[in-house]
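If you want the building blocks of each chain, they are given just below.
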Amino acid sequence: REMDKKYKIRMPKLRMVKESKDKRRSIDDVERNTFEKSSAEKSKMEKEEQFFRETFMYDKEINVISRATAECSVPSNRRVDLPVTAGEQLDVIDVVEGHAVICRNSEGRYGYVLVEHLNFR
């Protein structure tokens, strides 16, 4: 038994750094706030979609047909027109008779955009 004690390897104890409770709470708050923002964005997107369906009387399923880039900045003259800035990526939702398509921007807003202002590459 004396021989076993002699060759026994002792491992040092690793000490853990104790975080203060305030620091831990602040990290949890940050995570909670990011979740709240995403849910707020989600509800905003849902409101925009609901407004779109009511205004355009759109009862079909919303599917992205293609993506397009705005060639130039165009302000909106009416509420149903989508204001675009040059280089903005848009999702084309539906093709309407005439020279306009229904698009959705990155913020979730829907509206008409003239085909001549879009680049489909």
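Residues numbered from 1 in each chain as written. Predicted model: local features only at pLDDT ≥ 70, side-chain atom pairs only at ≥ 80, totals over all residues. Heavy atoms only, no water.

For the protein, an unreviewed UniProt entry supplies the name FYN-binding protein 2 and the organism Acanthisitta chloris. UniProt's Subcellular location (unreviewed entry) comment on the protein is quoted here verbatim: "Membrane raft". Database annotation for the protein, UniProt heading Function (unreviewed entry): "Adapter protein that plays a role in T-cell receptor (TCR)-mediated activation of signaling pathways. Required for T-cell activation and integrin-mediated T-cell adhesion in response to TCR stimulation." (UniProt positions renumbered as here; feature names shortened; annotations may be inferred.)

Quick look at the pattern of salt bridges now. Scanning the entire structure with this criterion turns up five salt bridges. The residue Arg-67 makes a salt bridge to Asp-91 at a minimum N-O spacing of 2.8 Å. Of this pair, Arg-67 sits in strand E1 (residues 66–70) while Asp-91 sits in strand E2 (residues 89–95), placing them 24 residues apart in sequence. On the basis of relative accessible area, Asp-91 is assigned to the buried category, the value being 12%. (Salt bridge = Lys/Arg side-chain N within 4 Å of Asp/Glu carboxyl O. Helix = DSSP H or I, 4+ residues; strand = E, 2+ residues; numbered from the N terminus. Buried < 20%, exposed > 50% of the residue type's maximum accessible area, 1.4 Å probe, protein only.)

If you trace the backbone, Phe-120 turns up in the segment after strand E5 (118–119). Overall, the relative accessible area of 43% leaves Phe-120 in the partly exposed class. A sequence separation of 53 residues divides Phe-120 from Arg-67, and the C-alpha atoms of the two residues are 6.8 Å apart. Dropping the residues within four chain positions of it, Phe-120 is found in contact with Ser-66, Arg-67, Ala-68, Val-92 and Val-115. (Contact = heavy atoms within 4.5 Å.)

Right, let's talk about the packing of aromatic side chains for a bit. Two measures describe an aromatic ring pair: the distance that separates the ring centres and the angle between the ring planes. Applying the stated criterion across every chain, the model contains four aromatic pairs. The interplanar angle of 45 degrees and the centroid separation of 5.1 Å between the aromatic rings of Phe-52 and Tyr-58 together place this pair among those described as tilted. In this structure Tyr-58 comes out as buried when scored by relative accessible area, which is 9%. Each ring, one from Phe-52 and one from Tyr-110, has its centre 4.3 Å from the other, and the planes form 15 degrees; the classification is stacked. Of this pair, Phe-52 sits in helix H2 (residues 21–56) while Tyr-110 sits in strand E4 (residues 110–114), and the two are 58 residues apart along the sequence. Each member of the pair, Phe-52 as well as Tyr-110, is classed as buried. (Phe/Tyr/Trp six-rings, centres within 6.5 Å; stacked < 30°, edge-to-face > 60°.)

Residues Ala-68, Ala-70, Leu-82, Val-84, Leu-90, Val-92, Val-101, Cys-103, Val-113 and Leu-118 constitute the largest nonpolar core, which totals ten residues. Contributing elements (two or more residues each) for this core: E1, E2 and strand E3 (100–104). Excluding residues that lie within four positions of it along the chain, Val-101 makes contacts with Val-92, Asp-94, Val-95, Gly-111, Tyr-112, Val-113, Val-115 and Leu-118. Listed in part, the eight residues of the second largest apolar core include Phe-52, Phe-56, Tyr-58 and Ile-102. (Core = buried A, V, L, I, M, F, W, Y, C linked by side-chain atoms within 4.5 Å.)

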